[in-house]
Amino acid sequence: MKVSDMSMETKLIHSGEPSPRVMGAVSMPIFQSANFEFKGEESYHDIKYIRLNNTPNHQVLHAKLASLENAEAALVTGSGMAAITTALLTVLSSGDHLLVQKTVYGGTHSFITQDCPQLGISHDFIDPADPEDWEKKVRENTRAIYVESMSNPLLEVGNLKAVVEFAQRHGLVSMIDNTFASPVNFRPAEWGFDISLHSCTKYLNGHSDIVAGAVIGKADWVERITHKLNHLGGTLDPHACSLLHRGMKTLALRVKYQNESAMKIAQFLESHPAVEKVNYPGLESNPGYRFARELFEGYSGMLSFEVKGGVHKAETFMNATRLPIIAPSLGGVETLLTRPASTSHAGLSPEELQASGISESLIRVSVGIESTDDLIADFQQALDKL
Ligand SMILES: *Cc1c(COP(=O)(O)O)cnc(C)c1O
């Protein structure tokens, strides 16, 4: 059976594993060695050394990650931000221009607006659902278009097929942060994206206990990004490789369950009188549903909603829940709640928050793997207190 014919569940267990197994070990051992014996390597990048991300623990992950998205190659990195910044610095040089989705992850937003201008790299923000907007903003020196599979915290899905088509027509590199969807729900390479980026801190690892990232995509880009990462040093330590490897084995089980659970919770919230609005790409009321339905296999474990009555009611609700943990980040086995206006988006002024559609009473939920019925019962009793 060819790897590309295997289902996600099978690839998670078997693809990329060493053959023969190392000393017969069923679980990949940790190679805790910074350097390896010289074997006549001719290029700096081929010397086996942890910073060069090429020890056996890295190589297994590279093969597994590439197979999950049916892509040519992959690279693990020390964090999601290491993957994103290294990829952007590989694609873009001084004088280049970037088209970037207006609501990207906060760290990405700061890097593009604060660090890139210092390097002579300019940008324009675009609406990912509106190709006419991109046509107006593309320039002679535009080099790449950068989007996210779902935006945070409103879970908007852009016209991703049109992004690839637009990039190909204008000779741009197409880049997507696929963290929120995970390879279970969306595989960018299958739709023609050049580079997919992940914070493996989230769904891929899934247990809220490491920070890691990945670049997945065309082999020539992954090679160039690897060389840049070798210089910048955003390596993943073999211990963290091993934890990521272990966490990934249950990715499909977790994400498929989280998809179903989030859908039921979104439907429950949408029908509750104390709730003003629910954002979930699997609901027909969501503007991104038409794009998500065609491209995604599931709608993720992420949703957000507003309660009626403002910020105090939102806080009352959060404090009245018993199961979720009030914490930032996402994609783990435990359900998390955050109020973006007070955490991830606290740097925005009230006007900017309003312009981004993020109300003070918006609550974001990262649905874990607890029983759906228990979560709905808990949300119900907390909403009844409002
Ligand atoms: C968390 C996150 C990142 C950054 O990843 P780190 O692993 O924290 O560096 C980037 N993009 C998205 C969408 C994220 O959720």
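Every chain's residues receive numbers from 1 upward, in the order its sequence appears when written. Per-residue local features of the predicted model are confined to residues with pLDDT of at least 70, and side-chain atom pairs are confined, for both listing and counting, to 80 or more; whole-chain, interface and lining totals are unaffected and use all residues. Note: side-chain values were computed over all heavy atoms of the structure, leaving out hydrogens and water.

Regarding the overall build of the chain
In plain terms, the rule: Each helix is a run of DSSP H or I of at least 4 residues and each strand a run of E of at least 2, with the numbering of both proceeding from the N terminus. C-alpha atoms define the radius of gyration in this analysis, and the globule rule sets the expected value at 2.2 Å times the number of residues to the power 0.38. Buried means the residue's accessible area, taken with a 1.4 Å probe over protein chains only, is under 20% of the maximum for its type, while exposed means over 50%, and partly exposed covers the values in between.
On a plain count of helices and strands, the chain comes out with 14 helices and twelve strands. In summary, the chain has a C-alpha radius of gyration of 21 Å against a globular reference of 21 Å for 386 residues, a match within 12%. With the C-alpha coordinates aligned to their principal axes, the bounding extent of the chain is approximately 70 × 55 × 35 Å. Across the 386 residues in the chain, those meeting the buried criterion constitute 54%.

Looking at the packing of helix H10 (residues 251-270) against helix H14 (residues 372-383)
The description of two helices packed together rests on the angle between their axes and the distance between the axes. Convention followed: Every angle, taken between N-to-C directions, lies between 0 and 180 degrees, and every axis is a line fitted to C-alpha atoms, over only the stretch in contact when it is a helix. Any angle from 65 to 115 degrees is called roughly perpendicular, while one under 35 is roughly parallel, one over 145 is roughly antiparallel, and all others are oblique. Each crossing is labelled by how the near helix is turned from the far one, with a counterclockwise turn of less than a right angle marking it left-handed and a clockwise turn marking it right-handed. Only heavy atoms enter the contact rule, under which two residues are in contact if any of them lie within 4.5 Å. Here the term charged refers only to Asp, Glu, Lys and Arg, the term nonpolar to Ala, Val, Leu, Ile, Met, Phe, Trp, Tyr, Cys and Pro, and the term polar to all other amino acids, Gly among them.
H14 packs onto H10 with a crossing angle of 30° between their chain directions and a minimal axis gap of 10 Å. The angle between H10 and H14 falls in the class roughly parallel. With respect to the hand of their crossing, H10 and H14 are arranged in right-handed fashion. Contacts from Tyr257, Ser261, Lys264, Ile265, Phe268 and Leu269 of H10 reach H14 at Thr372, Leu375, Ile376, Phe379, Gln380 and Leu383. Partitioning the contact of H10 with H14 into residue classes produces eight nonpolar, three polar and one charged.

Brief notes about the site of the ligand
Using the following cut-off: When at least one non-hydrogen atom of a residue lies within 4 Å of a molecule or strand, that residue is treated as near it. Pairs of N or O atoms within 3.5 Å make up the polar contacts considered here, provided that, within protein, one atom can donate a hydrogen while the other can accept it, and that residues adjacent in sequence are counted only when both atoms are side-chain atoms.
Surveying the vicinity of the ligand reveals 14 residues, the closest of which are Met81, Asp177, Ser199, Thr201 and Lys202. Interatomic distance of 2.9 Å between a backbone N/O atom of Gly80 and an oxygen atom of the ligand. Take Lys202: an N or O atom from its side chain is 2.7 Å from an oxygen atom of the ligand. At three residues, helix H3 (residues 80-91) tops the list of elements feeding residues into the shell around the ligand.

Comments concerning the nonpolar core
In plain terms, the rule: Residue types Ala, Val, Leu, Ile, Met, Phe, Trp, Tyr and Cys, when buried and joined through side-chain atoms within 4.5 Å, form a set referred to as a nonpolar core. Residue ranges for the domains originate in an automatic or database domain assignment.
Among the nonpolar cores identified, the biggest contains 80 residues, and Ile145, Leu160, Leu244, Leu269, Leu303, Phe305 and Phe317 are the most heavily contacted of them. Both domain 1 (3-248) and domain 2 (251-383) contribute no fewer than three residues apiece to this core. Those residues in contact with Phe305 that sit more than four places away from it in its chain are Leu269, Val275, Lys277, Val278, Phe317, Ser361, Leu362, Ile363 and Val365. In terms of nonpolar packing, the next biggest core, distinct from the first, is built from 26 residues, Ala73, Phe111, Tyr146 and Ile225 among them.

A closer look at the domain arrangement of the chain
Worth spelling out the cut-off: The term buried area means the drop in 1.4 Å probe accessible area that two parts suffer when joined, counted for both and summed.
As far as domains go, the chain holds domain 1 (3-248) and domain 2 (251-383). Here domain 1 and domain 2 have C-alpha centroids that lie 26 Å from each other. Taken together, the contact pairs 34 residues of domain 1 with 37 residues of domain 2. Area buried by domain 1 at its contact with domain 2 is led by Leu154, Asn185 and Tyr203, which between them contribute 24% of it.

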